[in-house]
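Analysis of the macromolecular model
Residues per chain, in single letters:
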Amino acid sequence: MSSSISLIPALESLVYSLVPASINDEPLKNELVGHCQEILTSRIGQSHEPDIGHLADLVKRQLLQSSPSGTTALKFTNLLSRLLDQPVLSKKHASIQFLQSLASSRQPSSSIPFLPSLAPPPPPRSSPLASPLEKPPVPLQPSGKSKAERLREYREQSGRPHLPEHLLLRDTLYLLQGISGKYVRLPSQSDGNQLEFMDNARYVISTPTKALIYRLSEVGYLYSRVDAFVRKREESSGVGMIEQSLCHHLQIKLTEYYRLIAVLESQMPPVETSGEGSVANLREQETGLTLRRLDVWINEWRLRMRMMSVCVEGARESQGGALVNLIHSYTDNGDPFIRKFTDQLLEEVSKPFFSTLHKWLFSGELYDPFNEFFVAMDPSLAHVQYMHPSSLTGNINQLAGDSFISPDQDDPRDRRGGLTIWQAKYRFQQDMLPMFVGEAFGRKILSTGKSLNFIRYSCHDSDWVVTREKMSNTGGSLKYSDISGLERSIDAAYSTASQRLFDVFIEKFKLLDHLSALKNYMMLGHGDFADQLMNALGSSLTRPANTLYRHNLTATLETAIRSSNAQSDPPDVLRRLDARMLEYSHGEIGWDVFTLEYKVDAPIDTVIHPDAMFKYLKLFNHLWQMKRIEGTLSRGWMRVAGGARTTFLRLPDLEPSWHGIRITMAEMIHFVKQVQAYCQLEVIECSWKVLVEFLNKREGDLDAMIDAHRTYLDRLVKKVLLLSPKAGREENVMHQVKGLFVTVLQFQDAVENFYNFCLTESTRRDQKLDSDRGLYTGPQDPNSSLDENLPRLLQPVNDYGSQFSEKVQSLVAALQTHPDLDCRFLGVRLNFSDYYRGKQQKEKEKERAETATPK
C-alpha cells in the first residue's frame, strides 16, 4: 500500500505531461491516475509457459509464403531440431522469437553490397488487379503529434532550428581524415582536445549530436597521429628494420581506411538545391548515410586505430625486440578482435627479426645494422685475432690474466685469448628478447650462433658447410604464426651445432689428450716419470736458483721422458711439455722456482684458458713439494734401515735413540703417503672420471664444456690444497701442511747430522780397538767425545720430532671440523685408531707425573 502511495506523485506528473487538460480538471486527473494504478497492480505482462511448437508453426507459414517450394521450411525444421538438442542455450523460445522479429522487420537490400543498410527503401508496388480509376489508399495519420515533432515545431517557431544533418555529416567525414570542416573544426594546440563548433545565427547543434561528433572525431584524431608517425619515419634516416616493417603495415591499414572513407562519401545524400525549402524536404526524406550509421560503420576502425596508436606511441621509445615485446603483450586479451589484429601485426612486424634469426641460427652470421636483435656484438672484438699462448714467457703471475701478449707483436690490443673471444664477443640482451621466444630458447639461440661462428672462424673447420646444410634441413621456416615449429627448429639447430663443436674439439683438436697430459705431467699422474725427474733433478735443485739454466732443465726433462713410459705419449703432447724457472729472488733455491709448463694454442685455449693453467701450476707446485718430501723420507729410511744392520750395531748405546728416530720417520712416511693417496685417488682420479664421462656424452655447448672443466679444476684446487670456504681462513689448513713439510726437511737434516756423527763415533771406536791391539790406523779426533756431542745432536732431532707430532695433531683437529667431507675423511685416515689422541693423553699423563714427583 505504501509503495502505491509513493507512486502517486510520479503518476500525476506523467498524467499532467501527457494530458495537459487534467491540470485544471481534478475529476479527470483522479480517473487517469486510478486507471494507471489498476494497470500497475494487474497481472498484465507476466510470464507464461512458452509454446515453441506454436512459434515454429508461425515461422513455417511465413517461410512458405516467401518460398512456396518448401525447401526453406524443411531446412528450418532440421535446424530447429538440432537447436532443441543443444543444452547450451537455455532460452530457446526467446531466441527464436527474436530472430523472427528481426526477419519480419528486415528492409530490402541496397544496390551497393558494401553498405547494405544505407540505401533508402524502394517505393511500394501497385497491385496489377487494381483499377486505374481507383484512388490509392491514403495512409492513416496519427491522431496526435509526437514530442519530437512538437519540439521541432517549437524551435522553428522560436527562430533557430537544428543544423541539417547532411552538413554535419560532410564535416564529420572531413574530421575522420584529420581535416577541419565548415561547421566543426579540429582543436588547435592551445585548445587541447576540445572541438570547435562554429556559431551560426540561423541553426543550432544539439548536445547529443555534439557528443556523437566527439565520438567520431576520436577516429580522426588517432588517424592523424598514426599518419604523422608514418610520414616522419619515412623522412628520417636510421630507422630500424622492425620499425620500417611496422610503418609498412600501418600504411597498408591506412590505405584500407582511405577506401572506407571513399565508400562512405559515395553514400552521402545528394543536395541539388539550397535554401530553406530544400533543407525542409531533405529533413523529411530518408537518407542513405546518417551520423549514427556512420558511427556503426566506423566502430571497427575505432578499435584498429586505437591499437595502431598504441603501437605508434610504443615505437617512439622502443625499438627492435622491445617493440616486438610491446606488440606481443596485447595478444593476451579477451577481445578476439584485438587478438586477431595483434597477431596480423606481429606476423608482419616480426619478419625482419626472423630474417636476422635465420642467419644467426643457421650460419652464425649476425646481420643487425640497427642493434635490434637480442644478440649484440662487442665492436672492440669484431676483428681481433687469436693469440697462441705457446709464446708465453715469464712467471706464473703472467698466466693469471685473460689475454696474452707476445713479445713480437706490434699491436697487442688486436690479440685476445680464446676464452675472451668466446665469452665477450657476443652478449645476450635481455630487453631485446621477444617474449614468445623465452629466455631458455634465447640462450640456446645465442649458443647455437656462437658455436657456428666459433667453428668457422676459430676452429677453421672446413666441414661447417655440411653442418649448416644439416641444420637447414632439420629446421623449417621461422615465423610468428608457427611458434611450436620455431621451438623445434631451435632445438634441432642447437643439438646439431653443439654436437659438431664437441666433435671438432675431441676428434680434431684432441682435447682429451691434452687434458690427460695435464693430469699425467702437471699433477704427476705418471709415477715413473715423476720418480725419474725427481732423481735426475734432485741434486741440481738444491743449488741456488741463479746457478740453474733452462737448457739444462730441458735436457733433464727429455731424459726423464725417454727413461719412463711417458715416451709412448703422442709426439704432439710431448712437444708441448717444457721445464722452466719462475722469477726468483735472492736466497731461493731450485726447489722454489722449478716448474713444468704445458703449452696450448687456439682453440684449445678456450677450454684450457690462462686462469686454468695458473691453477694447474699451483697444483703442480704443491704436488711437487709433496713428491720431494716423499723422496727425502724414502732416502732417509733406506739409510737408517741399512745402518741398523751395519753401523748402528757397533754402537749399542745409541740404539734407543735410533729406535725413536725410526718411529718418528715412520710417522712422517705414514702422513705423506696418506696425503698422496688422498690427492691422487680420492680427488684427482674421481674428478677425472666425472669429466671424462661428461665429454663422452657430448651434451651441451662450449659453455657447458668450459664449465665442466672449470668445475673439475676448482674441485681439484679446493680439495688438494685443502682450502676452506670460511672467509679469511681459506688457506689455514694448507699452511699447516706446508709447515709440516718444512718440519720434515728440518728433521731429515738433523738426522743426517746425527748419522754422520754416528759414523764418526764408530770409526773412532774402531781406531781405539786397533790401538789397543797395537795397530795404528790414524790420528784420533779429540773433539769427537760422545758425551759432549750426543746431547747437542739429539736435541734438534727430538725437537723436530715433537714439533711434527704437535703439528699433525693440530692438523687432524682442523680436518675434523673442515666443511668438506673428503677432508674430514683425510683427518680420519691420518688419525687412524685415534693414534694422536692416545699419544696426546700419554703426554699429558707424563707431564702430570713429572709435576707430581718431588724434586
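Residues numbered from 1 in each chain as written. Predicted model: local features only at pLDDT ≥ 70, side-chain atom pairs only at ≥ 80, totals over all residues. Heavy atoms only, no water.

As recorded by an unreviewed UniProt entry, the protein carries the name Gamma-tubulin complex, component 3 and is attributed to Lentinula aciculospora. Note on the protein: under the UniProt heading Subcellular location (unreviewed entry), the record states "Cytoplasm, Cytoskeleton". (UniProt positions renumbered as here; feature names shortened; annotations may be inferred.)

Among the five residues that make up strand β7 (residues 577-581), five are buried, leaving the element largely enclosed by the rest of the structure. Here β7 shows no split at all, with Leu577, Ala579 and Met581 on one side and Asp578 and Arg580 on the other all buried. Judged from the five bridges that link them, β7 and strand β8 (residues 594-598) form a sheet pairing that is antiparallel. Bridged to Met581 within β8 is Phe594. (Buried < 20%, exposed > 50% of the residue type's maximum accessible area, 1.4 Å probe, protein only. Helix = DSSP H or I, 4+ residues; strand = E, 2+ residues; numbered from the N terminus. Pairing = 2+ DSSP bridges.)

What follows concerns the packing of aromatic side chains. Two numbers describe a pair of aromatic rings. These are the distance of the centres and the angle of the planes. Here the structure, examined in full by the defined rule, presents 23 aromatic pairs. Here the aromatic rings of Phe671 and Phe804 are separated by 5.8 Å at their centres, their planes lie at 85°, and the arrangement is edge-to-face. One end of the pair, Phe671, is in helix α25 (residues 655-697); the other, Phe804, is in helix α28 (residues 786-816), with 133 residues separating them in the sequence. For the pair shown, Phe671 and Phe804 are each scored as buried. The structure contains a cluster of three or more aromatic residues connected by ring pairs, namely Phe353, Phe354, Phe373, Phe374, Phe428 and Phe436. One residue, Arg443, lies across the ring of Phe428, its end atom 4.0 Å from the ring centre. Its end group placed over the ring of Trp422, Lys450 keeps NZ or CZ at 4.3 Å from the ring centre. (Phe/Tyr/Trp six-rings, centres within 6.5 Å; stacked < 30°, edge-to-face > 60°. Lys NZ or Arg CZ within 6 Å of the ring centre and 35° of its normal.)

Further remarks concern a nonpolar patch on the surface. A surface patch of nonpolar side chains, about 320 Å² in accessible area, is lined by Phe98, Leu99 and Leu102. Summarising the element assignment, Leu102 is placed in helix α5 (residues 92-105). Among the residues examined, Leu102 registers a relative accessible area of 44% and is labelled partly exposed. (Patch = residues over 30% accessible without salt bridge, like charges linked within 9 Å, V, L, I, M, F, W, Y side chains within 5 Å. Areas by Shrake-Rupley, 256 points an atom, 1.4 Å probe, with all protein chains shown as cover. Salt bridge = Lys/Arg side-chain N within 4 Å of Asp/Glu carboxyl O.)

Attention now goes to the packing of helix α19 (residues 511-522) against α25. Contact geometry of α19 with α25 gives a least axis separation of 12 Å together with a crossing angle of 175°. Judged by the inter-axis angle, α19 sits roughly antiparallel to α25. In contact with Leu512, Leu515, Ser516 and Lys519 of α19, α25 contributes Ile684, Glu685, Trp688, Leu691, Val692, Leu695 and Asn696. Looking at side-chain class alone, the contact of α19 with α25 contains seven nonpolar, two polar and two charged residues. (Axes fitted to C-alpha atoms, helices over the stretch in contact; angles between N-to-C directions. Parallel < 35°, antiparallel > 145°, perpendicular 65-115°, else oblique. Contact = heavy atoms within 4.5 Å. Nonpolar A, V, L, I, M, F, W, Y, C, P; charged D, E, K, R; others polar.)

Let us now look at the environment of Phe337. Its place among the elements puts Phe337 in helix α13 (residues 336-349). In the structure, Phe337 is positioned 37 residues away from Glu300 in sequence and 8.9 Å away in space, judged by C-alpha atoms. Those residues in contact with Phe337 that lie beyond four places of it in its chain are Glu300, Leu303 and Arg304.

Two elements in contact, helix α9 (residues 241-266) and α13, have axes separated by 8 Å at closest approach and are oriented at 130°. Overall, the two elements α9 and α13 adopt an arrangement that is oblique. In the crossing of α9 with α13, the sense of the turn from one axis to the other is right-handed. Between α9 and α13, the contacting residues are Ile242, Ser245, Leu246, His249 and Lys253 on the first element and Phe341, Gln344, Leu345, Glu348 and Val349 on the second. Residue composition of the contact of α9 with α13, by class: five nonpolar, three polar and two charged. (Left-handed = near helix turned anticlockwise from the far one by under 90°.)

What follows is about α25. Helix length check: α25, at 43 residues, gives a terminal C-alpha distance of 61 Å against a target of 63 Å (1.5 Å per residue), a fit within 8%. The sharpest bend along α25 comes to roughly 30°, located at Ile684. Once α25 ends, the next one or two residues include Arg698, with phi positive near 55°. (Expected span 1.5 Å × (residues − 1). Bend = angle between axes of the 7 residues up to and from the residue.)

On average, residues of the protein score 79 in pLDDT, and 79% of them are at 70 or above. This model gives residues 107-143 a pLDDT under 50, and the stretch forms 24 contacts once residues within four places in sequence are excluded. Low pLDDT, under 50, characterises residues 386-415; the stretch is placed with 56 contacts to residues that sit more than four places away or in other chains. (pLDDT = per-residue confidence, 0-100.)

This part covers helix α21 (residues 550-562). Three or four residues apart is the spacing at which side chains of an α-helix point the same way, because the helix has 3.6 residues per turn. End to end, α21 covers 19 Å across 13 residues, agreeing with the expected 18 Å (1.5 Å per residue, within 8%). Within the sequence span of α21, burial applies to Leu553, Thr556, Leu557, Ala560 and Ile561. One side of α21 carries all its buried residues, which in axial view fall inside an arc of 140°. Those residues of α21 that are exposed and aimed more than 90 degrees away from the buried face are His551 and Arg562. Against α20 (527-541), α22 (571-574), β7 and β8 lie the buried residues of α21. (Arc of directions from axis to C-beta.)

This part is about the nonpolar core. In this structure, Phe505, Phe529, Phe594, Ile608 and Phe671 are the most contacted members of the largest nonpolar core, which totals 114 residues. In terms of residue count, the dominant contributor to this core is α25 (15 residues). In this structure, Phe594 is in contact with Leu533, Leu537, Leu541, Leu553, Ala579, Arg580, Phe620 and Trp624, ignoring residues within four places of it in sequence. (Core = buried A, V, L, I, M, F, W, Y, C linked by side-chain atoms within 4.5 Å.)

So, on to the environment of Arg580. Structurally, the position occupied by Arg580 is in strand β7. A relative accessible area of 5% means that Arg580 is categorised as buried. Sequence spacing of Arg580 and Leu548 is 32 residues, and the spatial spacing of their C-alpha atoms is 9.9 Å. In this structure the side chain of Arg580 is engaged in a polar contact, spanning 3.3 Å, whose partner is the side chain of Glu597. (Polar contact = N/O pair within 3.5 Å; in protein donor to acceptor, adjacent residues only side chain to side chain.)

Glancing now at the pattern of salt bridges. For the structure on display, the rule yields 38 salt bridges. A salt bridge links Lys29 to Glu12, with the shortest nitrogen-to-oxygen separation between them at 3.8 Å. Note that Lys29 is positioned in helix α2 (residues 26-41) and Glu12 in helix α1 (residues 2-18), a separation of 17 residues in sequence. With a relative accessible area of 23%, Glu12 lands in the partly exposed category. When the shortest N-O distance is used, the salt bridge between Asp295 and Arg215 registers 2.9 Å. Pair noted here: Asp295 is in helix α11 (residues 291-317) and Arg215 is in helix α8 (residues 207-235), with a separation of 80 residues, a long-range link. Members of the salt-bridge network, linked through shared partners, are Arg215, Glu218, Asp295, Arg302 and Arg306.

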